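One-letter residues, chain by chain:
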Amino acid sequence: MMANPLTPEDVRQNLRELRERIAGAARSAGRDPGEVRLMAVTKTVPPELVNVAWEEGVRLFGENRAQELLEKAEAYAFGPEHIHFIGTLQTNKVRQIIDRVSCVQSVNSIHLAQELQKRALAAGRTMDILLEVNIGGEDSKTGMEQGAVTGMLEKLSNFSALRVKGLMCIPPFGRPPQETEGYFSRMHKIFVDIKDQKMDNISMEILSMGMTGDYQLAVRCGANLVRVGTGIFGKRI
């Protein structure tokens, strides 16, 4: 499935409107709009349209699939330092993307973390990571259970080639706004509580939550990174 083929001007207009809405949501919560980073999610989007977002000042891009990233990376106008991996990452794909991204947002198990550590050491680099939390406790979703986060962080504090930079979540889809707000608020509390613990080698800088359908709510609840694909590039067809 490919993204709906919007024109470059469509992408530019979408970005203008998106930035206005993000800023409005931040201000409504008493926040500085400059605190919130926009990630353009590029799943199925042709590189030429992704590069339009780059031209318009987007400096962070989210990739969901290792193979797609490998196929498109050379056509991008930017390098790995501007790319995060946000999809489910199989351990046998880590080697392929270890030098193609600057952060893996979807770390959900010690097994995946161990493979990232191994490959990062072999590549002579340090990899930033976020822990993915299954905040809705859904069987159909990946992510760590809320109660397992602190124990995981304690283990990761000893991983020399990984730097924990924060948390990521995807709340249950299709729920009423007040329910989604509850998930986002709970996620923000976890984020703040961990930050207050000042754990060794753990830096709570990024709270990645909110996508096309709920990013304004996520911003109002404390997200400082939102991941938007359809809202920029159109629906997949």
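As a reminder, the structure under discussion sits directly above these lines.
These numbers come from a predicted model, not from an experiment.

Enquirer: I keep staring at the packing of helix H1 (residues 8–28) against helix H2 (residues 47–55) and nothing clicks. Help me out?
Expert: Packed helices, taken two at a time, are described by the angle between their axes plus the distance between the axes. Following both chains from N to C, one finds H1 and H2 inclined at 45°, their axes separated by 9 Å at the closest point. Taken together, the axes of H1 and H2 are oblique relative to one another. Once H1 is placed against H2, the crossing between them reads as right-handed. Between H1 and H2, the residues in contact are Pro-8, Val-11, Arg-12 and Leu-15 and Leu-49, Val-52, Ala-53 and Glu-55, respectively. Looking at the contact of H1 with H2, its residues break down into six nonpolar, no polar and two charged.

Enquirer: Looking at this structure, I do not really get the environment of Leu-116. What am I missing?
Expert: Assignment of secondary structure puts Leu-116 in helix H5 (residues 110–123). A relative accessible area of 0% places Leu-116 in the buried class. Residue contacts for Leu-116: discarding those within four places in its chain leaves Leu-89, Val-94, Ile-98, Val-104, Val-107, Ile-129 and Leu-162.

Enquirer: What am I meant to see in the packing of aromatic side chains here?
Expert: Each aromatic ring pair is summarised here by two numbers: the centre-to-centre distance and the angle between the ring planes. A complete count under the given rule lists four aromatic pairs for this structure. Feature note: the residues Trp-54, Phe-61, Tyr-76 and Phe-78 constitute an aromatic cluster, connected by ring pairs. Note that Arg-59 overlies the ring of Trp-54, its terminal NZ or CZ placed 3.6 Å from the centroid. Cation over ring: Lys-141 sits above Phe-173, and NZ or CZ is 4.6 Å from the ring centre.

Enquirer: Would you explain H1 in this entry?
Expert: One turn of the α-helix equals 3.6 residues, which is why residues spaced by three or four share an orientation. The end-to-end C-alpha distance of H1, which contains 21 residues, comes to 30 Å, matching closely the 30 Å that a straight helix rising 1.5 Å per residue would cover. Val-11, Asn-14, Leu-15, Leu-18, Ile-22, Ala-23, Ala-25 and Ala-26 are the residues of H1 that are buried. The arc that holds the buried residues of H1, viewed along the axis, is 165°, so those residues lie on one side. Turned more than 90 degrees away from the buried face of H1 sit Glu-20, Arg-27 and Ser-28, all of them exposed. Looking at the packing, one finds that the buried side of H1 touches strand S1 (37–41), H2, helix H8 (215–220), strand S8 (225–228) and helix H9 (230–233). Positive backbone phi, at 75°, marks Gly-30, one or two positions downstream of H1.

Enquirer: What is the right way to look at the nonpolar core in this model?
Expert: In a soluble, globular protein the nonpolar side chains are often hidden away together inside. Ranked by internal contacts, the top residues of the largest apolar core, which has 73 residues, are Val-104, Leu-116 and Leu-167. In this structure, Ile-86, Leu-130, Ile-206 and Leu-225 belong to the second largest nonpolar core, which totals nine residues.

Enquirer: Help me understand the pattern of salt bridges in this model?
Expert: Oppositely charged side chains may form a pair once their charged atoms are brought near each other. Enumeration according to the criterion identifies 13 salt bridges in this entry. Here Glu-55 ties to Arg-12 by a salt bridge, and the two come within 3.5 Å at their closest N and O atoms. Taken together, the positions of Glu-55 in helix H2 and Arg-12 in helix H1 put the pair 43 residues apart, joining distant regions of the chain. Residue Glu-55 is classed as exposed on the basis of its relative accessible area, which comes to 54%. Classification of Arg-12 by relative accessible area gives partly exposed; the value is 22%. The partner of Arg-163 in a salt bridge is Asp-128, and the shortest N-O contact between them spans 2.7 Å. Taken together, the residues span a long stretch of sequence, with Arg-163 in strand S6 (residues 162–169) and Asp-128 in strand S5 (residues 127–133) at a distance of 35 residues. Residue class for Arg-163 comes out partly exposed when judged on its relative accessible area of 37%. Note on Asp-128: relative accessible area 16%, which makes it buried.

What counts and how
Numbering of residues begins from 1 in every chain and follows the order in which that chain's sequence is written. Residue-level local features of this predicted model are given only where pLDDT is at least 70; pairs of side-chain atoms are given and counted only at 80 or more, and the full residue set underlies all totals for whole chains, interfaces and linings. Side-chain descriptors were evaluated using all non-hydrogen atoms of the structure, hydrogens and water having been removed beforehand. Lines are fitted to the C-alpha atoms to define the axes, a helix being fitted only along its stretch in contact, and any angle between axes, read from their N-to-C directions, falls within 0 to 180 degrees. The numbering of helices and of strands both runs from the N terminus, where a helix is a DSSP run of H or I of at least 4 residues and a strand a run of E of at least 2. When describing relative orientation, an angle under 35 degrees is termed roughly parallel and one over 145 degrees roughly antiparallel, while 65 to 115 degrees is termed roughly perpendicular and anything else oblique. Whether a crossing is left-handed or right-handed is set by the direction in which the near helix is turned from the far one by less than a right angle, anticlockwise for left-handed and clockwise for right-handed. Whether two residues are in contact is decided by their heavy atoms, any of which lying within 4.5 Å being enough. Classification convention: Asp, Glu, Lys, Arg as charged; Ala, Val, Leu, Ile, Met, Phe, Trp, Tyr, Cys, Pro as nonpolar; all other residues, Gly among them, as polar. Relative accessible area decides the class of each residue, using a 1.4 Å probe on protein chains only: under 20% of the type maximum gives buried, over 50% gives exposed, and in between gives partly exposed. A pair of aromatic rings is counted whenever rings of Phe, Tyr or Trp (Trp by its six-membered ring) have centres within 6.5 Å, and the orientation is called stacked for planes under 30 degrees apart, edge-to-face for over 60 and tilted otherwise. A ring is considered to have a charge above it if a Lys NZ or an Arg CZ atom is located within 6 Å of its centre and within 35 degrees of its normal. Multiplying 1.5 Å by the helix residue count minus one yields the expected span of that helix. By definition, the arc is the one covered by directions from the helix axis to the C-beta atoms. Here the nonpolar core consists of buried residues drawn from Ala, Val, Leu, Ile, Met, Phe, Trp, Tyr and Cys, with membership extended through side-chain atoms lying within 4.5 Å. Throughout this description, the term salt bridge denotes a Lys or Arg side-chain nitrogen within 4 Å of a carboxyl oxygen of Asp or Glu.

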